[in-house]
Amino acid sequence: MAEGAKSSTGGGFQLKIRGPRDFFGGLALVAVAAIALWASSNLPGQQGFAFGPGTAPRIFAGLLMAIGVVVAASGLFVKGPPLERFALRGPAYVLVGILVFAATIRGIRFELASIPIHVPAFGMVASTFMAFMISIFGSTEFRWVESLIAAVAMTAFCVVLFVYLLGLPFQLWPMF
Amino acid sequence: MTDLLANLALGFSVAAAPYNIAFCLLGALVGTLVGVLPGIGTVATVAMLLPITFGLPPVGALIMLAGIYYGAQYGGSTTSILVNIPGEATSVVTCLDGHQMARKGRAGAALSIAALGSFFAGCVATVLVAALGAPLTSLALLFGPAEYFALMVLGLIFAVVLAKGSVLKAVAMIVLGLLLSMVGSDLETGAGRMTFDIAELSDGIGFTNVAMGLFGFAEIIRNLEMSAESREVVNAKISGLMPTRQDLVDSSGAIARGTILGSILGILPGGGAIVASFAAYTFEKRISKNPELFGHGAIQGVAAPEAANNAAAQTSFIPLLTLGIPPNAVMALMVGAMTIHGIVPGPQVMIKQPELFWGMIASMWLGNLMLVIINLPLVGVWVSLLRVPYRLLFPSIIVFCCIGIYSINNSPTDVLIAAVFGLVGYWLVKHDFEPAPLVLAFVLGPLMEENLRRAMLIARGDATVFLTRPISAGLILVATVLLIVAMLPMISKKRETVFVE
């Protein structure tokens, strides 16, 4: 690492991001560490010989922050590969699929900007089917007919496996 | 010796109970089924299938999990040989010669040698686990909190040294994992730590959620970026499943050497199986009379790493069962499963629950046997599974994971946490951070903190206790030396070339 720094600073030192993956990765670590430090700031620390609940989180958050700084710094001095492009379609549909499953399997009530929102419990059959049909859009090779068949088959498979074979107490059908 | 035989007999009497054999068979079957799917590694497979074992009695659940583990590993090899997609790092080397053999129409021989080599390695390693279990357990009883802490530090450092890429980033992942493990109620005072007043976080972040997110969801999101062609299956016909006599002669030496190498490397904490397969491959190439054949379908190049890989997978149970310390991410999942069944892994298991301990060891051998029995006839089934297009496969995996996570606590929040970790895992991969050390640290975290706090309390706040107690000082010394060696840039460059090969 030291060699890389020397060779890249050979003629006139310029501060620019040479390894963006390391630089932004390091910054994110620092941010996480800062959040952890803030979140554990109200915990009592060392009392006599005994660690308090806050001691270990603070030690490791501090350590993480130090490492994050070094990683980010190495991103400034050592040439690294460019940032990879983040795909949007795949993660977005998959994430929405998972969220829909989580929201509908038992139903939830929450308040968004003081507007009460109530998602009824759809039960396992509907939730699984919906999650499948939403996340499948994450692929660019989507086709309607085979997707619907696969969704029905997978839902049936999961119901048989989890409810009938493993005997888990799931609610199968919608309950409003 | 008589003790060993008596213990093994006890173990087999447990493992050979009809329902336990059924669990083992079922585990190996579904493990292979999921492990065969391209792009899903051993860790992801075990994480995904973990929930289906929760309803079983403890012995049955662990036996089934062991079966899943071996099945997943063998499934990964099958994918490597047939499709040239390594499910994970351990089967990367199997791709090199295995896939070349498949392209020459010798996929059957490659698959059966991989199975036979794994089986032989499994037999040897099972005996080794049984033989080393008792002495190591008595050693473990000498360990106090300081020694335990030092041992876990050593284990984490091993994970760092063996991780791909930057050492510093691997250390960062370790620290992040430790930090995440501290979310939730404090061990001693019960104070909520870093919970942001979210009730669901007061019990801490569930381990399966983290593992499924980082390995299951993140893996899928990442695979979606690849084009369809790169996931295409070779439509080679599989003919002549049985290896020829010449194949057996050629590979027997390689299998024996791979077994020895793998058994030794597997005991080391931090991911022995990966190193074992690489080391075995390199070693075979080095001593071979025709090294130029390697990479073009040399059967030794399949036999040695497969044997080493399986031997290491097996001996990596030793630190888990005797010391209670998981040496790699899969074993970390095992700890998660044991904890859910109310078993605290460690030396007490062997003393208090001998039928569990020896039953599991015996089931390892049975699991390997099952693999040979089910995989050779079922190769055709696995191949047809590989023809299922990924666009239909990935939503199936997603909903399966969702239901699996939900089923653990009937908690939708767990599913959300896993989704968050899926995004985190995707981001980590994009920035060249490896998730495996994070997961290992996440599991070791509570144990480590507990022992650290206890050691400091006993030593009256004197931090030098870790250096004044001989065993602990020795472990810390080894860890420090390892870290320094790994940090030296020259060596780290060499490390990269080993993994690039």
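Residues numbered from 1 in each chain as written. Chains lettered and ligands numbered in written order. Predicted model: local features only at pLDDT ≥ 70, side-chain atom pairs only at ≥ 80, totals over all residues.

Caption draft 1: The overall build of chain B, seen in detail. When helices and strands are tallied, chain B shows 22 helices and two strands. Put simply, chain B has 501 residues, and 63% of those count as buried. (Helix = DSSP H or I, 4+ residues; strand = E, 2+ residues; numbered from the N terminus. Buried ≥ 20, exposed ≤ 12 C-beta atoms within 10 Å, placed from the backbone.)

Caption draft 2: Structural view of the overall build of chain A. In terms of helices and strands, chain A carries six helices and two strands. Against the globule reference of 16 Å for 176 residues, chain A gives a C-alpha radius of gyration of 25 Å, more extended than a compact globule. Viewed in the frame of its principal axes, chain A has a C-alpha envelope of about 65 × 55 × 40 Å. In chain A, buried positions account for 35% of the 176 residues. Considering only intrachain contacts with a sequence separation of at least 6, the fraction spanning at least 24 residues in chain A is 67%. (Rg over C-alpha atoms; globule rule 2.2 N^0.38 Å. Contact = placed C-beta atoms within 7 Å.)

Caption draft 3: View of the nonpolar core. Ranked by size, the top nonpolar core spans 221 residues in total, and within it Leu 64 of chain A together with Val 46, Cys 402 and Val 439 of chain B carry the most contacts. If one sorts the elements of this core by residue count, helix 6 (residues 107-141) of chain B sits on top with 16 residues. No fewer than three residues from each of domain 1 (15-77) and domain 2 (89-165) of chain A sit in this core. Apart from residues lying up to four places away in sequence, Val 439 of chain B is in contact with Gly 177, Val 210, Ala 211, Leu 214, Ala 329 and Ala 332 of chain B. (Core = buried A, V, L, I, M, F, W, Y, C linked by C-beta atoms within 7 Å. Domains from an automatic or database assignment.)

Caption draft 4: Spatial organisation of the pairing of strand 2 (residues 115-119) of chain A. Residue and element names in this part refer to chain A. Where burial is concerned, little of strand 2 is hidden: zero out of the five residues are buried. Bridge count for strand 1 (residues 108-112) against strand 2 is five bridges, and the pairing is antiparallel. Bridge pairing in strand 2 links Glu 111 to Pro 116. Adjacent in sequence and paired antiparallel, strand 1 and strand 2 are bridged by two residues, among which Ala 113 carries a positive phi angle near 50 degrees. (Pairing = 2+ DSSP bridges.)

Caption draft 5: Region of the structure containing the interface of chain A and chain B. At the junction of the two partners, chain A supplies 58 residues and chain B supplies 52 residues. At the level of elements, helix 2 (20-39), helix 3 (55-77), helix 4 (89-105), helix 5 (123-135) and helix 6 (144-165) of chain A are the ones that each hand at least two residues to the side of chain A that touches chain B. At 11 residues, helix 4 of chain A tops the list of elements feeding residues into the side of chain A that touches chain B.

Caption draft 6: Geometry of the confidence of the model for chain B. Residue and element names in this part refer to chain B. Put simply, chain B has an average pLDDT of 80, and 89% of its residues get 70 or more. Every residue in residues 497-501 is under pLDDT 50, and counting partners more than four places away or in other chains gives two contacts. Under the prediction, the complex receives an ipTM of 0.87, its pTM being 0.78. (pLDDT = per-residue confidence, 0-100.)

Caption draft 7: Structural context of the confidence of the model for chain A. Residue and element names in this part refer to chain A. Confidence in the prediction for chain A averages 83 pLDDT; 91% of positions are at 70 or higher. The secondary-structure element of chain A with the lowest mean pLDDT is helix 1 (residues 2-8), recorded at 43, while helix 5 shows the highest, at 92. Predicted confidence is poor over residues 1-11, with pLDDT under 50, and the contacts of this stretch with residues over four places away or in other chains come to 12 contacts.

Caption draft 8: Here's a closer look at the environment of Val 163 of chain A. Residues and elements named next belong to chain A. One can find Val 163 in helix 6. Considered as a pair, Val 163 and Met 124 are 39 residues apart in the sequence and their alpha carbons are 9.6 Å apart. Look past the residues within four positions of Val 163 in its chain and what remains in contact with it is Leu 168, Phe 170 and Leu 172.

Caption draft 9: Broad picture of the domain arrangement of chain A. Here chain A is described as being made up of domain 1 (15-77) and domain 2 (89-165). Of note, the centres of domain 1 of chain A and domain 2 of chain A, computed from C-alpha atoms alone, are 37 Å apart.

Caption draft 10: Focus on the packing of helix 6 of chain B against helix 12 (residues 300-315) of chain B. All names here are of chain B. One can describe the packing of helix 6 onto helix 12 by two numbers: an axis separation of 7 Å at closest approach and a directional angle of 35 degrees. For the pair helix 6 and helix 12, the sense of crossing is right-handed. When grouped by side-chain class, the residues that make up the contact of helix 6 with helix 12 number 13 nonpolar, seven polar and one charged. (Axes fitted to C-alpha atoms, helices over the stretch in contact; angles between N-to-C directions. Left-handed = near helix turned anticlockwise from the far one by under 90°. Nonpolar A, V, L, I, M, F, W, Y, C, P; charged D, E, K, R; others polar.)

Caption draft 11: Representation of the packing of helix 9 (residues 207-223) of chain B against helix 17 (residues 390-409) of chain B. Residues and elements named next belong to chain B. Taken N-terminus to C-terminus, the directions of helix 9 and helix 17 make an angle of 170 degrees; their axes are 11 Å apart at the nearest point. Between helix 9 and helix 17, the angle is such that the two are roughly antiparallel. The crossing of helix 9 and helix 17 is left-handed. Residues Thr 208, Asn 209, Met 212, Gly 216, Phe 217, Ile 220 and Asn 223 of helix 9 lie in contact with helix 17, whose contacting residues are Tyr 390, Phe 394, Ile 397, Ile 398, Cys 401, Ile 405 and Ile 408. Considered class by class, the residues forming the contact of helix 9 with helix 17 number 10 nonpolar, four polar and no charged. (Parallel < 35°, antiparallel > 145°, perpendicular 65-115°, else oblique.)

Caption draft 12: Quick peek at the environment of Thr 45 of chain B. Turning to its location among the elements, Thr 45 of chain B is positioned in helix 3 (residues 42-49). Residue Thr 45 of chain B is classed as buried on the basis of its C-beta count, with 31 C-beta atoms lying within 10 Å.

Caption draft 13: Examining helix 19 (residues 435-458) of chain B more closely. All names here are of chain B. The end-to-end C-alpha separation of helix 19 is 34 Å, in line with the 34 Å expected for 24 residues at 1.5 Å each. Of all the bends in helix 19, the greatest, near 45 degrees, is centred on Leu 444, and the proline Pro 446 appears no more than four residues after it. With 19 of 24 residues buried, helix 19 lies mostly within the body of the structure. (Expected span 1.5 Å × (residues − 1). Bend = angle between axes of the 7 residues up to and from the residue.)

Caption draft 14: Examining the environment of Gly 11 of chain B more closely. Residues and elements named next belong to chain B. Here Gly 11 lies in helix 1 (residues 2-15). Given 25 C-beta atoms within a 10 Å radius, Gly 11 is considered buried. Spatially, the C-alpha atom of Gly 11 lies 11 Å from that of Gln 353, the residues being 342 residues apart in sequence. With sequence-adjacent residues up to four places away left out, Gly 11 is seen in contact with Trp 358, Gly 359, Ile 361 and Ala 362.

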